[in-house]
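Remarks on the overall topology
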Amino acid sequence: MRPLCLALLAALSFPAAAQDVAEFRRCLAGLRVQAIDKGIAPATLDRELGGLEPDFTVLERLDYQPEFRSPVWDYLAALVDEQRVEDGRAKLQQHADTLAEIERRYGVDPATVVAVWGVESDFGKNFGSRALLESLGTLSCFGRRQSYFSGEFIAALGIIDEGSLAAAKLRGSWAGAFGHTQFMPSTYLRLAVDFDGDGRRDLVDSIPDALASTANFLKEAGWQPDQPWGFEVTLPAGFDLAGEGRRTKRPLDEWRARGLVRADGTPLEAGQARAGLVQPADGGGPAFLVMRNFDAIYAYNASMSYGLAIAHLADKLRGGGDFVTPWPTDDLPLDRAGRRELQTLLTARGHDIGPIDGAIGSRTRAAILAEKRRLGWEETPRAGQKLLNALRKSAP
Ligand code: CA
């Protein structure tokens, strides 16, 4: 019975599977022509495309709209926690010579480079596990963004063709980012460098190549040596933020005149260096003046929360502390250790949430909702300190 049921289920989920596979083959033939136009050797294409299978599960990710978006403070709590700062400091020591040489050549400081590494792949611990040619090939032939993904698919074939990496090494996120610093294939072809001098640009197995490629990316995105990314500021009472933002840059002299001070209470430095004013959370919380180097980080991944995570982690690796102004919440966020403890307590209460990994996925969120319902709380799937405290007290 069981195989039959599974087959039936598969047929119901993908009623056009055979037709889709035929469509994939036709589409690959078209992509092959484009790849040859780009100068990729026919022998490489024969080898890589001959047995390539589609992976239709990436299409679910393409259309996945998260039903719950984490607030910026939760995002930062997981990415810039004590554990990542400790791991980052160890990496700074371990790779000190390489990082110093990278700074000499590209002008990007070690803490920033290591912060990108930590946020992108947890210092090489999390590359993503999908076969890139399968996922990018599928996204090139189906779904909403085929022309974008076909460019990335052909770039991935280019990486194989130039001999930098074998197809088996190209594993990454569903969208095609891979390696220590999660470059997309086209970014790789444009900006990856061979820093260890073995003749190959290898962001999967060579840490010097990966770190130098990140520095090269930031340099090309306009990084200014010896400039800060920005800093936290305190706004005068009643300050009107309307119209301000990352791209609305004004000289520091103007911000001084408008009453902004550094969050530690010291005055802003004088001068014509330009900065934009951002306050990432609705309803208050810390505000920041962000400068040219923040834009370079933002170019890596166009998200304010992401940019702040890199910037804040880099500051902490240099010995900096927490933000001064609290986030506008009375339910403090959990770091990864707190999330693992919450998952352990949920499991002890009989919820099947899968592995205790500190990542709040759909099963953990369902368990959180169930516990909040039991407690008579507002039913949001957010994992915060209040729920952790409540479950600690009532541990079975
Ligand atoms: Ca190399």
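Residues numbered from 1 in each chain as written. Predicted model: local features only at pLDDT ≥ 70, side-chain atom pairs only at ≥ 80, totals over all residues. Heavy atoms only, no water.

**Examining the sheet that holds strand β6 (residues 274-278)**
- Spatial strand order, β4-β6-β7-β3-β5: five strands in an open sheet with antiparallel pairing. Taken across any chain shown, the strands that pair with only one partner, and hence form the sheet edges, are β4 (250-251) and β5 (261-262).
- Sheet topology note: the β6/strand β7 (residues 287-290) ladder contains three bridges and is antiparallel. The partner of G276 across the bridge, within β7, is V290. (Pairing = 2+ DSSP bridges. Helix = DSSP H or I, 4+ residues; strand = E, 2+ residues; numbered from the N terminus.)

**Points about the environment of G243**
- On the secondary structure map, G243 appears in the loop between β3 (230-234) and β4.
- C-alpha separation for the pair G243 and M291, spaced 48 residues apart in sequence, amounts to 17 Å.

**Overview of the pattern of salt bridges**
- Taken as a whole and assessed by the stated rule, the structure comprises 33 salt bridges.
- Close ionic contact of D63 with R144 constitutes a salt bridge, the shortest N to O distance being 3.1 Å. Of this pair, D63 sits in the loop between α4 (57-62) and α5 (72-79) while R144 sits in the loop between α9 (132-141) and α10 (146-161); the two residues are 81 residues apart in sequence, bridging distant segments of the chain.
- Through salt bridges that share partners, D81, R84, D87, D122, K125 and R336 make up one connected network. (Salt bridge = Lys/Arg side-chain N within 4 Å of Asp/Glu carboxyl O.)

**Some details on the packing of helix α2 (residues 17-37) against α10**
- Where α2 meets α10, the axes come as close as 10 Å, and the angle between the chain directions of the two elements is 60°. The way α2 lies across α10 gives a crossing that is right-handed. Two secondary-structure elements touch here, α2 through L28, L31, Q34 and A35 and α10 through S150, F153, I154 and L157.
- The residue makeup of the contact of α2 with α10, split by class, is six nonpolar, two polar and no charged. (Axes fitted to C-alpha atoms, helices over the stretch in contact; angles between N-to-C directions. Left-handed = near helix turned anticlockwise from the far one by under 90°. Contact = heavy atoms within 4.5 Å. Nonpolar A, V, L, I, M, F, W, Y, C, P; charged D, E, K, R; others polar.)

**What to know about the pairing of β6**
- A large share of β6 lies buried, amounting to four of its five residues.
- Bridge analysis of β4 against β6 gives two bridges, and the strand direction is antiparallel. In the sheet register, P251 faces β6, and the bridge partner there is R274. (Buried < 20%, exposed > 50% of the residue type's maximum accessible area, 1.4 Å probe, protein only.)

**Examining α9**
- Counting buried positions along α9 yields nine of ten residues, so the element is predominantly enclosed.
- L132, L133, S135, L136, G137, T138, L139, S140 and C141 are the residues of α9 that are buried.
- Looking at the residues trailing α9, positive phi occurs at G143, about 90°.

**Quick word on the coordination of the calcium ion**
- In this structure, D194 (OD), D196 (OD), D198 (OD), R200 (O), D209 (OD) and D209 (OD) serve as the protein donors to the calcium ion, at separations of 2.2 to 3.0 Å.
- Its six donor atoms give the calcium ion angles of 46 to 159° at the centre, a pattern that matches the irregular case.
- Along the chain, the residues donating to the calcium ion are arranged with the sequence spacing D-x1-D-x1-D-x1-R-x8-D. Highlighted residues: D194 in the loop between α11 (185-191) and α12 (207-220) and D209 in helix α12, separated in sequence by 15 residues. (Donors = N, O, S within 2.8 Å, 3.2 Å for Na, K, Ca; no water. Tetrahedral: all angles 85-135°; square planar, octahedral: opposite > 155°, others 65-115°.)

**As for the side chain of Q182**
- Position of Q182 relative to the elements: it lies in the loop between β2 (171-172) and α11.
- Its relative accessible area of 14% is what places Q182 among the buried residues.
- Leave out the neighbours within four places in its chain, and Q182 touches E120, N126, F127, S173 and A177.

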